[in-house]
Amino acid sequence: MTDERVSAEGGMETSYGFRRVNEGEKQGLVNDVFHKVAKRYDIMNDVMSMGLHRAWKDAMVAALHPRRSADYRVLDVAGGTGDIAFRIVEASDRLAQATVLDINGSMLGVGAERARKKGLSGNLEFVEANAESLPFEDGRFDAYTIAFGIRNVPRIDVALSEAYRVLKRGGRLLVLEFSDVEMPLLDKVYDAWSFNAIPRFGKMITGEAEPYQYLVESIRKFPDQKDFARMIEKAGFSRVTYTNYTGGIAALHSGWKI
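Residues numbered from 1 in each chain as written. Predicted model: local features only at pLDDT ≥ 70, side-chain atom pairs only at ≥ 80, totals over all residues. Heavy atoms only, no water.

## Considerations on the pattern of salt bridges
Next up, step 1: What the rule picks out here adds up to 20 salt bridges.
Next up, step 2: We note a salt bridge from aspartate 71 to arginine 67, for which the minimum N-O separation is 3.4 Å.
Next up, step 3: Look at aspartate 71 and you get partly exposed, because its relative accessible area is 46%.
Next up, step 4: By relative accessible area, which is 40% here, arginine 67 ends up partly exposed. (Salt bridge = Lys/Arg side-chain N within 4 Å of Asp/Glu carboxyl O. Buried < 20%, exposed > 50% of the residue type's maximum accessible area, 1.4 Å probe, protein only.)

## Points about the pairing of strand 6 (residues 141–147)
Next up, step 1: When you tally the buried positions in strand 6, you get 7 out of 7 residues, the bulk of the element.
Next up, step 2: In this structure, strand 6 lies alongside strand 7 (residues 167–178), joined through 6 bridges in parallel fashion. Looking at the pairing, isoleucine 146 lines up with valine 175 of strand 7.
Next up, step 3: Note that the unit made of strand 6, helix 6 (residues 156–166) and strand 7 has a crossover that is right-handed. (Helix = DSSP H or I, 4+ residues; strand = E, 2+ residues; numbered from the N terminus. Pairing = 2+ DSSP bridges. Right-handed = clockwise from strand over helix to strand, strands pointing away.)

## Re empty space enclosed by the protein
Next up, step 1: In the structure shown here, the tally under the stated rule is 3 cavities of 30 Å³ or more.
Next up, step 2: One number sums up the size of the largest cavity: a volume of about 230 Å³.
Next up, step 3: Along the wall of the largest cavity there are 20 residues; nearest its centre are Ala78, Asp102, Ile103, Gly149 and Asn152.
Next up, step 4: It is helix 1 (residues 26–37) that provides the largest number of residues to the lining of the largest cavity, a total of 4 residues. (1 Å grid on protein atoms, 1.4 Å probe; cavity = no way out; pocket = protein on both sides within 12 Å on 5 of 7 lines; lining within 4 Å. Points joined across faces, edges and corners; volume = space filled by probe spheres on them.)

## Some remarks on the packing of helix 3 (residues 53–64) against helix 4 (residues 83–91)
Next up, step 1: Contact pair helix 3 / helix 4: the axes reach a minimum separation of 10 Å and the direction vectors enclose 45 degrees. With respect to helix 4, the element helix 3 is oriented oblique. Viewed along their axes, helix 3 and helix 4 form a crossing whose handedness is right-handed. Where helix 3 approaches helix 4, its residues His53, Arg54, Lys57, Asp58, Met60, Val61 and Leu64 are matched on the opposing element by Asp83, Ile84, Arg87, Ile88 and Ala91.
Next up, step 2: Partitioned by chemical class, the residues of the contact of helix 3 with helix 4 number 6 nonpolar, 1 polar and 5 charged. (Axes fitted to C-alpha atoms, helices over the stretch in contact; angles between N-to-C directions. Parallel < 35°, antiparallel > 145°, perpendicular 65-115°, else oblique. Left-handed = near helix turned anticlockwise from the far one by under 90°. Contact = heavy atoms within 4.5 Å. Nonpolar A, V, L, I, M, F, W, Y, C, P; charged D, E, K, R; others polar.)

## Concerning the side chain of asparagine 104
Next up, step 1: By the secondary structure assignment, asparagine 104 is in the loop between strand 4 (97–102) and helix 5 (105–118).
Next up, step 2: Exposure remark for asparagine 104: the relative accessible area of 1% places this residue in the buried category.
Next up, step 3: Among the polar contacts made by the side chain of asparagine 104, one reaches the main-chain amide nitrogen of methionine 107 at a distance of 3.1 Å.
Next up, step 4: Discounting residues that sit within four places of it in the chain, asparagine 104 has contacts with Asn31, Phe34 and His35. (Polar contact = N/O pair within 3.5 Å; in protein donor to acceptor, adjacent residues only side chain to side chain.)

Shown next as structure tokens:
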């Protein structure tokens, strides 16, 4: 497998970084990565984004502008450690109800402990499940968020269809993901940082470089901004847009169920 990005037609389901794997094999490999990094996930994101992920996540929640209401329900997928869900609950004056869903129990354990320490357990539910098969009825949620997780889902098209299904009419999808750097020179600097520094820092932090090597490669395989926007549209969403952050290192994609 090459380092070329997959298109809107798919390909991530057989891509474990730059390595081609059998369909059905990727999920177990990805699970292993996140079991290894769960306790140092925030540090991992700092390394991957040079610390910028915190500002990007703040911008994502500001764009969502969660309603200050106890009947506002949001599903945060691949959000085991609670980073996005905590921000959403706080932005709603601790009124919103957030369901944090992750396929990885280690990540959820970290999130549940953090929620207890923050006094937010009453606003949060932690569910271990697969983004490709959500255990919820149709039209349950006002919003669906996923930050830096969609590229680790093998069948992205299926996950997007599930997102559409569980959203209410008028509900909103927000996806924050590392993307295709569109600023000249920044792309070369970011590539050098990604492939040379990140695995080394990962080994220093966790004792292993391989999980970080996968994460860097998965970013380069993920569809670019336009192709991913087309995937969101194909899942049924309307008014699909995206906003680049830091020259396209990350992008926030938005879609509505109308």
